[in-house]
Amino acid sequence: MRAGNAGPGQALVAARNLATMEPYVRPTIPVREFRDDAGNVIPYGERWGMGGPPDDTYSVLTHPERFQPLHDVARALIEYLERTHDVTASEDPSHLAAFPDGYLIANTAVRLTPGKAAAAPLTIAFTADPRVVIQAGAVVVEPFPVCGCDACDDSWESAADRLEDTVFAVVGGGLTESVAGLRRRTFSFVLSHEHGGSSGMIGPGGFSTERLRTARATLRALGGSWAPWSPRAPSLEP
């Protein structure tokens, strides 16, 4: 978990919580090998070197099943956050409505709603590709991997690294969103974590008018960065 853009007081509380909180451990994923047409093992993540990928590898996706471990990692993150933080988890296909229309093909999603109103909610979708896509805060959408084509040469491990960093940045209060543009239909965001972060602009495409109106009202009331999630109170049971 990262304190991100949280204020000094929030960051201090988050640091104290980390000292006593159960650490997150990525689940053990069995090693699988994927081979090319010649029978050679494909070293995903280190295939192209300085020369870059061949032209015929763009928009080509072989062995998409190599990203299946991302579903396992996402499930482990959800279970961990339920144990350690004040959050309610709900799995239902209706939660896919959090994503822009036509953005993904998925059968189900898990909605994580923090007990603290000022903390960013998180929806995790499990796509048929297979990939994982999250919707955080008001309108931020992040896919893992971003592409997955042969030219991009992503490995599931690198995508899992980014997924974990992104989730813990949101949990730690590292997400900031704001309304941008003269017509107030565009949003900007900054997502900060200890390994770097990301930022960008989000247009209104795929979001309903009501969804955009709600997002603007939410961010106006928030007045800045989303707060860190609160830790779950320790059980009093013996």
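Residues numbered from 1 in each chain as written. Predicted model: local features only at pLDDT ≥ 70, side-chain atom pairs only at ≥ 80, totals over all residues. Heavy atoms only, no water.

Further remarks concern the pairing of strand 7 (residues 186-193). Where strand 6 (residues 175-180) lies against strand 7, six bridges are found, and the strand directions are antiparallel. When the sheet's bridge partners are listed, Leu175 is paired in strand 7 with Leu191. (Pairing = 2+ DSSP bridges. Helix = DSSP H or I, 4+ residues; strand = E, 2+ residues; numbered from the N terminus.)

Now for the sheet that holds strand 8 (residues 196-202). On the basis of which strands lie adjacent, the open sheet formed by three strands has the order 6-7-8 and antiparallel pairing. Here the strands that pair on one side only, and so sit at the sheet edges, are strand 6 and strand 8. Between one strand axis and the next, the sheet turns by 10 degrees as a mean value, whatever way the strands run. The pairing of strand 7 with strand 8 spans seven bridges and is classified as antiparallel. By the bridge assignment for strand 8, Ser192 is matched with Gly197. Along the sheet face, helix 3 (residues 156-171) touches strand 6 and strand 7 and points at about 100 degrees away from the line of strand 7. (Axes fitted to C-alpha atoms, helices over the stretch in contact; angles between N-to-C directions. Contact = heavy atoms within 4.5 Å.)

Enumeration over the complete set of coordinates arrives at four aromatic pairs. Relative to Tyr80, the ring of Tyr24 lies with its centre 5.6 Å away and its plane at 70 degrees, an arrangement referred to as edge-to-face. Of the two residues, Tyr24 sits in the loop between helix 1 (8-20) and helix 2 (69-84) while Tyr80 sits in helix 2, which places them 56 residues apart along the sequence. Per residue, the accessibility class of Tyr24 equals that of Tyr80, and both read buried. When the centroid spacing of 6.5 Å and the interplanar angle of 70 degrees are considered together, the rings of Phe34 and Tyr44 count as edge-to-face. Here Phe34 is found in the loop between helix 1 and helix 2, whereas its partner Tyr44 is found in the loop between helix 1 and helix 2, with ten residues between them in sequence. Within the aromatic cluster, the residues linked to one another by ring pairs are Tyr24, Tyr80 and Phe168. Just above the ring of Tyr44 sits the side chain of Arg66; from NZ or CZ to the centre is 3.8 Å. Seen from the ring of Phe126, Arg75 lies directly overhead, with NZ or CZ sitting 4.1 Å from the centre. (Phe/Tyr/Trp six-rings, centres within 6.5 Å; stacked < 30°, edge-to-face > 60°. Buried < 20%, exposed > 50% of the residue type's maximum accessible area, 1.4 Å probe, protein only. Lys NZ or Arg CZ within 6 Å of the ring centre and 35° of its normal.)

In this section: the sheet that holds strand 3 (residues 122-127). An order of 1-2-3-4-5 is seen for the five strands of this open sheet, with the pairing classed as antiparallel. Looking at strand neighbours, the two that pair on one side only are strand 1 (87-91) and strand 5 (140-144), the edges of this open sheet. The sheet shows a mean angle of 15 degrees between the axes of neighbouring strands, taken without regard to direction. Pairing between strand 3 and strand 4 (residues 132-136): five bridges, direction antiparallel. Its bridge partner lying in strand 4, Ile124 is registered against Ile134.

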